[in-house]
Amino acid sequence: MAQWTSAVGAAQLARLLNSQQERPAGPGTRRPPAYRALADGIRLLVLEGRVPVAARLPAERELALSLSVSRTTVAAAYEALRAEGFLESRRGAGSWTAVPAGNPLPARGLEPLPPEALGSVIDLGCAALPAPEPWLTRAVQGALEELPPYAHTHGDYPAGLPALRSMLAERYTARGIPTMPEQIMVTTGAMGAMDAICHLFAGRGERIAVESPSYANILQLMREAGARLVPVAMAEGLAGWDMDRWRQVLRDAAPRLAYVVADFHNPTGALADEHQRRGLVDAARSAGTVLVVDETMSELHLDEGLDMPRPVCGFDPAGSTVITVGSASKAFWAGMRIGWVRAAPDVIRSLVAARAYADLGTPVLEQLAVNWLLSTGGWEQAVDIRRGQARENRDALVAAVQRELPGWEFSVPKGGLTLWVRTGGLSGSRLAEVGERVGVRVPSGPRFGVDGAFEGYVRLPFTVGGAVAEEAAVRLAAAARLVETGASGGNETPRTFVA
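Below, the structure is looked at part by part. Throughout this description, residue numbers start from 1 for each chain and increase along the sequence as written. Local features in a predicted model are, by the rule used here, given only for residues with pLDDT of at least 70; side-chain atom pairs are given and counted only at 80 or more, and totals for whole chains, interfaces and linings are based on all residues. Heavy atoms from the whole structure form the basis of all side-chain values; hydrogens and water molecules are not counted.

## Things to note about the overall build of the protein chain
Heads up, the rule is: For helices the rule is a DSSP run of H or I covering at least 4 residues; for strands it is a run of E covering at least 2, with both sets numbered from the N terminus onward. A simple rule labels every residue: compare its accessible area, found with a 1.4 Å probe on the protein chains alone, to the largest value its type can have, and call it buried under 20%, exposed over 50%, or partly exposed in between. By definition, residues are in contact when any of their heavy atoms lie within 4.5 Å. Here, Shrake-Rupley sampling with a 1.4 Å probe gives the accessible areas, and only protein chains in the shown set may cover a residue.
Within the protein chain, the secondary structure is distributed over 16 helices and 15 strands. Sorting the 499 residues of the protein chain into buried and exposed places 53% on the buried side. Look at the contacts in the protein chain between residues 6 or more apart in sequence, and 75% of them connect residues 24 or more apart. By element, 53% of the accessible surface of the protein chain is carried by carbon and sulfur atoms, the whole surface being about 21400 Å².

The following block contains the structure:
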């Protein structure tokens, strides 16, 4: 019986390997042998999760043809990977990826570090801040006071608590978007909302247009749902959405869904202007594409006096084209797993009906906590605290990276939680690998792209500030030096750092 559970084609593996652009070697720098470079490239893909564990690799001859190298080079690379525990083989079954004993399985998303690791590693992988106290505690206390009447019911509310649906509808109406409670479904976070939307609209094999780059966890969710991702390149810096590209892709590919983050885009931080928002809605309507708009960052505007554009759904008065996803997790606290969908009533009914086969509903106590925040004015005060935290962290991180890594390039966004950084020609994958060994965890650019794009980038979230931000930049600079010189042999010991 074969030990592999999936397969990677030769052309696909070649694209992933070719995306790992090497920095030109300086004078006196020795390049590794071709087989060693190939083995290192495959090992990095496995460690990052871009090639799954237990994935069957192409035969030596097929990969050699796709890479335009000799079969001997591929055979030597495979042999090196077997010796290191990253490849297993059996006659008649082929070769498949593995991880050496004692190594953690690679993560395909951006999950946070376990608490016990935070003393030695600075975590820049997860774009989430601590809770804005005292508002979390007050919200839970308020929810407990409101709980007794609900405790006498079955507790299942597939569309969400009526009180919270009404409150969310009122908030959209106050923003100039008339909304009824029947247009709202409460979900278990924004990921729960996107999962429900993808299962309803985009079955296996359906096309979904996505920004390139885009939010890594959503891309992975879509891949695992069997979607065919169609990337649409973002403009440079904070310019955002290239409408000519979007119109062409929506017209030519006719995707069932399109997913965008118009408010402080993750990872670039770009903010779509009203012209771009109107253009996206018009292009989607013409193509018959459902436009899913992620608003989870919309309240995290950090610069004073910033005039926020109208919500994207404001350009779809009939409600036939745009589905909006919101969440308490970014604006308030990641541990508050409350999200919501705003859409036409018939779409909401379909989502609610389909939910009976998934999670039945969202926890009542957390819904009551969010409803307490929204109804008492606590939400505005808590989000104001969150903006202050993110603003201070952003400014500290920007200053530290500019000082320690002057060759790295980025544009400073006016909101959101992330900085999208071009790494001066260094491999983002190698920076991520070496960074963990020197005590800083950072996601590489390819996690936010399709088929190995953005190797020359990393994403830095505004989750640390002050001395911790300075130390993070120091460690990133140390990782960059090791990658640049090729001296990343794995003997680095991270320093323990207490904030």
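Picking up where we left off.
## Some thoughts on unusual backbone geometry
Of the consecutive residues S212 and P213, the connecting peptide bond is found in the cis state with omega at 10 degrees. Following N266, the chain continues to P267 via a peptide bond in cis, the omega torsion being 25 degrees. Its location among the elements puts P267 in the loop between β9 (257-260) and α11 (274-287). Backbone geometry places A254, a non-glycine residue, at a positive phi of 45 degrees. Here A254 falls in the partly exposed class, since its relative accessible area comes to 47%. One non-glycine residue with positive phi stands out, namely F264, at about 55 degrees. As for its position among the elements, F264 is in the loop between β9 and α11.

## Things to note about the pairing of strand β3 (residues 87-90)
As a reminder of what qualifies: Only strands that DSSP links by at least two bridges are regarded as paired with each other.
Where β3 lies against strand β4 (residues 94-97), 4 bridges are found, and the strand directions are antiparallel. Counted as the bridge partner of R90 is G94 from β4. Taking the residues between adjacent antiparallel strands as the criterion, β3 and β4 are bridged by 3 residues, where G92 takes a positive phi near 90 degrees.

## What to know about the sheet that holds strand β10 (residues 290-294)
Heads up, the rule is: Between N-to-C directions, angles cover 0 to 180 degrees, with each direction set by a line fitted to C-alpha atoms, over the stretch in contact for helices.
Reading across from one edge, β6-β12-β11-β10-β9-β7-β8 is the order of the 7 strands in this open sheet, with mixed pairing throughout. The open sheet terminates on both sides in strands that have one partner only, identified here as β6 (184-187) and β8 (228-233). Looking at each pair of strands side by side, their axes are set apart by 20 degrees on average, direction ignored. The pairing of strand β11 (residues 322-327) with strand β12 (residues 339-342) spans 4 bridges and is antiparallel. When the sheet's bridge partners are listed, G326 is paired in β12 with W340. Along the sheet, helix α12 (residues 345-355) contacts β6, β11 and β12; its crossing angle with β6, the most-contacted strand, is approximately 30 degrees.

## A few points about the pattern of salt bridges
Quick note on the threshold: One side-chain nitrogen of Lys or Arg within 4 Å of one carboxyl oxygen of Asp or Glu is enough to make a salt bridge.
Within the structure shown, the criterion is met by 26 salt bridges. E84 serves as the salt-bridge partner of R36, at 2.8 Å between the closest nitrogen and oxygen. Pair noted here: R36 is in helix α2 (residues 34-47) and E84 is in helix α4 (residues 71-84), with a separation of 48 residues, a long-range link. With relative accessibility at 29%, the residue E84 sits in the partly exposed group. Residue E380 is joined to R171 by a salt bridge in which the shortest nitrogen-to-oxygen separation is 3.0 Å.

## Observations regarding the environment of G94
Examined against the element boundaries, G94 turns out to sit in strand β4. Taking the relative accessible area as the measure of exposure, G94 reaches 21% and is therefore partly exposed. Separated by 38 residues in sequence, G94 and R56 place their C-alpha atoms 7.0 Å apart. Not counting residues up to four positions away in its chain, the partners in contact with G94 are R56, E88 and S89.

## Side note on the nonpolar core
We count it as follows: By nonpolar core is meant a set of buried Ala, Val, Leu, Ile, Met, Phe, Trp, Tyr and Cys residues that side-chain atoms within 4.5 Å join together.
Ranked by internal contacts, the top residues of the largest apolar core, which has 55 residues, are W241, W246, L291 and F332. The element contributing the most residues to this core is helix α13 (residues 364-376), with 6 residues. Sequence-distant contacts of W246, defined by excluding residues within four places in its chain, comprise A209, V210, E211, V232, W241, A258, Y259, V260 and L280. Of all hydrophobic cores here, the second largest spans 39 residues; its members include L300, V440, V464 and V468.

## Some words on the pairing of β8
The test is simple: Here a crossover is taken to be right-handed if, once the strands point away from the viewer, the path from the first strand over the helix to the second is traced clockwise.
Sheet topology places strand β7 (residues 207-212) next to β8; 6 bridges connect them, and they run parallel. Residue pairing for β8: V210 is matched across the bridge by P231. Handedness of the β7-helix α9 (residues 216-224)-β8 crossover: right-handed.

## Description of the environment of Q220
Rule in force here: Polar contact criterion, stated in full: a pair of N or O atoms within 3.5 Å, where within protein one must be able to donate a hydrogen and the other to accept it, and residues adjacent in sequence count only if both atoms are side-chain atoms.
With respect to the helices and strands, the residue Q220 is situated in helix α9. For Q220, a relative accessible area of 8% gives the class buried. Each C-alpha atom of the pair Q220 and V450 lies 9.9 Å from the other, and the pair is 230 residues apart in sequence. Within polar-contact distance, the side chain of Q220 engages the side chain of R223 at 3.2 Å.

## Focus on the side chain of Q367
Structurally, Q367 is set in helix α13. When its relative accessible area of 0% is taken as the criterion, Q367 is described as buried. Discounting chain neighbours no more than four positions away, the residues touching Q367 are G160, L161, L164, V186, I338 and T362.

## Re helix α1 (residues 10-18)
The following threshold applies: Within this analysis, the arc is defined by the directions that extend from the helix axis to the C-beta atoms.
Buried residues of α1: A10, L13, A14, L16 and L17, and no others. Taken end-on, α1 shows its buried residues confined to a sector of 165 degrees, consistent with a single buried face.

## A few points about the packing of α1 against α2
Quick reminder of the rule: To sort the angles, those under 35 degrees are grouped as roughly parallel, those over 145 as roughly antiparallel, those from 65 to 115 as roughly perpendicular, and the leftovers as oblique. By the convention adopted, Pro, Cys, Tyr, Trp, Phe, Met, Ile, Leu, Val and Ala count as nonpolar, Lys, Arg, Asp and Glu as charged, and the other residues, Gly among them, as polar.
Contact geometry of α1 with α2 gives a least axis separation of 10 Å together with a crossing angle of 95 degrees. Relative to α2, the element α1 lies roughly perpendicular. Only L38, G41, I42 and L45 of α2 make contact with α1, whose side of the interface consists of L13, L16 and L17. For the contact of α1 with α2, a count of residues per class yields 6 nonpolar, 1 polar and no charged.

## Some remarks on the environment of G189
By secondary structure assignment, the location of G189 is in helix α8 (residues 189-201). As for G189 and R337, which are separated by 148 residues in sequence, their C-alpha atoms are 4.6 Å apart.

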